[in-house]
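An overview of the molecular structure
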Amino acid sequence: MPKGKQGGIFIETSAAEPSTFNWLVSEDATSASFLNLMFDSLLSYDPIEDHVIPGLAKQWEIAPDNKTFRFRLRKGLSWSDGVPLTADDVLFSFACIYDPRFPNRNAYDLSVNGKPFKVEKIDDQTIQIQTPEIFAPFLRYMSGFPLMPKHILEPYFKDGSLQNQWNISTAKKDPKSIVTSGPFLILSYNPGERIVLEANPRYWKKANGDIRLPYIDYLIVKFVKDANASLIAFASGQTDIEGISPDNVAWVQKGEKIYHYTIYDRGPSTASSFLWFNQNPGKNKNNLPYVIPYKLKWFQNRLFRQAISYAIDREGIINGVLFGRGTPLWGPETPANVKWYNPNVKKYPYNPSLALQLLEQAGFHRDATGRLFDQENHPVSFTLLTNQENPIRTAMATIFKENLKQIGIEVLLQFIDFGTLVTKISDSYDYEACLLGLTGGGDPADGMSVFMSKGRLHQWYPNQPQPATPWEAEIDRLMIEQLTTLDEAKRIQCWFKVQEIMSEEQPYIYLVTPNTYVGLKNRWRNVKIPRIGPLVWNIEEIWTP
């Protein structure tokens with residue numbers, strides 16, 4: 001890459017704030033985005049070329065059994081506090097995720113049929129990892145497995161408090177105690193205002209072998225919950241980058257020449273938006289069911305879920321919320337992820353009459369006013385949650401409410417902050433329905449904790465001891481099959497079948513995916529725009545004259 005100039009400040013905004021700086025407990029996209037700026041993995045991933053590249057490990061070898069991998073760390077690696085980064089940190093990181101005292105999604109993702117990887121230290125610079133079976137996405141996973149510093153976190157590992165470390169309070173009071181291996185570390189954090197990341201002076205990556213990266217001195221992220229305020233800040237030249245919702249593209253483009261930025265149209269997003277019903281049959285600490293039993297009966301009924309899907313006017317959402325810049329979504333994959341997208345899944349075009357027919361088959365009926373009731377004469381009504389910081393989701397929820405009113409169903413909307421919402425859907429299970437989304441765009445194996453019945457992110461009923469339904473058991477089988485073969489055609493076949501089952505069963509009722517637009521100041525050099533993924537995925541390499 002051409003040599004750049006050091007110095008400069010990159011400014012952006014975020015509607016949400018990180019919930020943790022502890023990789024072990026991070027489960028939301030915002031926290032992950034910050035962790036990716038602060039921590040490196042054994043390997044890295046180049047979205048332009050679509051393959052893994054060296055990271056903290058300068059090279060790796062694969063044994064003939066395709067299950068044994070040796071990684072050779074770069075010489076002279078260190079954490080941001082100057083302590084050497086060695087194979088012991090790799091060993092420690094795996095020990096953390098596999099320890100049953102610390103439940104985390106990574107323990108599930110980095111295992112096959114519940115069997116963890118075998119990790120061995122060969123010497124200070126060499127680590128060997130053996131998978132119990134063929135694990136197709138192994139190298140890709142190693143590009144998203146940030147290491148944890150043993151010299152800092154081992155005491156908390158020993159006393160069992162590891163999951164409580166490096167929380168928001170830590171970042172606020174003592175940011176330097178969060179030592180990093182990536183291009184940035186925290187300089188200051190003011191919740192509700194901003195986080196300032198500064199260049200890691202000990203970052204391993206150099207340009208042309210002599211200029212230590214990153215080029216920029218500071219990365220400032222301002223927390224702006226009001227999407228309009230965030231967009232206006234970019235359009236008036238106050239920030240460097242902004243994701244632009246489809247409804248705002250036209251007027252923002254008018255400022256390109258005045259404020260020296262460019263709007264990039266990247267086509268359909270890899271992100272999926274969907275809603276789901278809480279099908280968790282468990283009980284809370286007061287021994288009360290998470291979901292009222294008669295409502296749980298609705299939610300577990302496939303005909304009910306299919307009827308809801310037919311009752312949604314997705315084209316209306318696209319036209320009313322996205323100004324025509326979007327695509328209806330029928331399954332887990334969007335057209336953006338070309339290789340893995342199955343275009344032949346079951347579709348649910350807007351059809352209220354068919355929705356009512358399915359509801360009638362399921363035992364529901366309407367009274368003289370058009371209000372829908374179940375077999376026991378309970379009026380059909382439920383509360384739908386979504387996060388208040390996302391105006392597109394709140395607008396979609398509003399249209400959904402009106403759509404269901406047409407078939408006699410009352411939807412109560414509850415817009416809450418993202419942190420509270422995550423607690424409800426992941427811990428207390430105190431909710432009936434939720435509208436959210438996933439970023440998508442990767443390998444099918446990235447969704448193991450979403451689609452496997454035992455997964456923590458299997459949102460409609462997570463952490464199942466055994467598959468609750470035959471179709472979930474079949475998805476489990478297919479997900480394991482695609483995970484444990486190197487035959488890409490077979491992997492695609494398995495993932496296509498999973499998409500078909502998901503579309504038939506509708507545990508997630510998929511809505512739409514917007515086209516993606518991103519604005520970036522023209523002053524930045526060495527920007528390489530990938531087909532999918534973050535626009536400035538190589539933030540450490542960009543510079544400004």
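Up top you'll find the structure we're talking about.
Residues numbered from 1 in each chain as written. Predicted model: local features only at pLDDT ≥ 70, side-chain atom pairs only at ≥ 80, totals over all residues. Heavy atoms only, no water.

1. Focus on the overall build of the chain
For the chain, the helix and strand inventory stands at 18 helices and 25 strands. For 545 residues, the compact-globule estimate of 2.2 N^0.38 gives 24 Å, and the chain sits close to it at 24 Å. The principal-axis extent of the C-alpha atoms belonging to the chain is close to 80 × 60 × 45 Å. The buried share of the chain, reckoned over its 545 residues, is 53%. Look at the contacts in the chain between residues 6 or more apart in sequence, and 67% of them connect residues 24 or more apart. Approximately 22700 Å² of the chain is accessible, and the part contributed by carbon and sulfur atoms is 50%. If the 57 positive side-chain charges of the chain are averaged to one point and the 59 negative ones to another, these points end up 2 Å apart. (Helix = DSSP H or I, 4+ residues; strand = E, 2+ residues; numbered from the N terminus. Rg over C-alpha atoms; globule rule 2.2 N^0.38 Å. Buried < 20%, exposed > 50% of the residue type's maximum accessible area, 1.4 Å probe, protein only. Contact = heavy atoms within 4.5 Å. Areas by Shrake-Rupley, 256 points an atom, 1.4 Å probe, with all protein chains shown as cover. Lys, Arg positive; Asp, Glu negative; His and termini not counted. Charge placed at Lys NZ, Arg CZ, Asp CG, Glu CD.)

2. Considerations on empty space enclosed by the protein
The tally for this structure, following the rule as stated, stands at three cavities of 30 Å³ or more. A volume near 60 Å³ is recorded for the largest cavity. Taken together, Pro328, Leu329, Trp330, Gly331, Glu333, Tyr341, Asn342, Val345 and Gln499 form the lining of the largest cavity. (1 Å grid on protein atoms, 1.4 Å probe; cavity = no way out; pocket = protein on both sides within 12 Å on 5 of 7 lines; lining within 4 Å. Points joined across faces, edges and corners; volume = space filled by probe spheres on them.)

3. Brief notes about the nonpolar core
In summary, soluble globular proteins display a tendency toward joint burial of nonpolar side chains. Phe10, Phe21, Phe71 and Met142 are the most contacted members of the largest nonpolar core, which totals 104 residues. Filtering out sequence-adjacent residues up to four positions away, Phe21 remains in contact with Phe34, Leu35, Met38, Phe39, Trp166, Asn167, Ile168, Ala171, Ile178, Ile186, Tyr189 and Ile195. Residues Leu356, Leu358, Leu359 and Ile509 belong to the second largest nonpolar core, which totals 41 residues. (Core = buried A, V, L, I, M, F, W, Y, C linked by side-chain atoms within 4.5 Å.)

4. Here we look at the layout of surface pockets
Taken as a whole, the second largest pocket holds about 290 Å³ of empty space. Contributing to the lining of the second largest pocket are 19 residues, with Ile97, Tyr98, Asn104, Ala107 and Tyr108 lying nearest its centre. At the level of elements, helix H2 (87–98), helix H3 (105–109) and strand E7 (115–116) are the ones that each hand at least two residues to the lining of the second largest pocket. Element by element, the count of residues in the lining of the second largest pocket is highest for H3, at three residues. Considering only residue class, the lining of the second largest pocket consists of eight nonpolar, six polar and five charged. (Nonpolar A, V, L, I, M, F, W, Y, C, P; charged D, E, K, R; others polar.)

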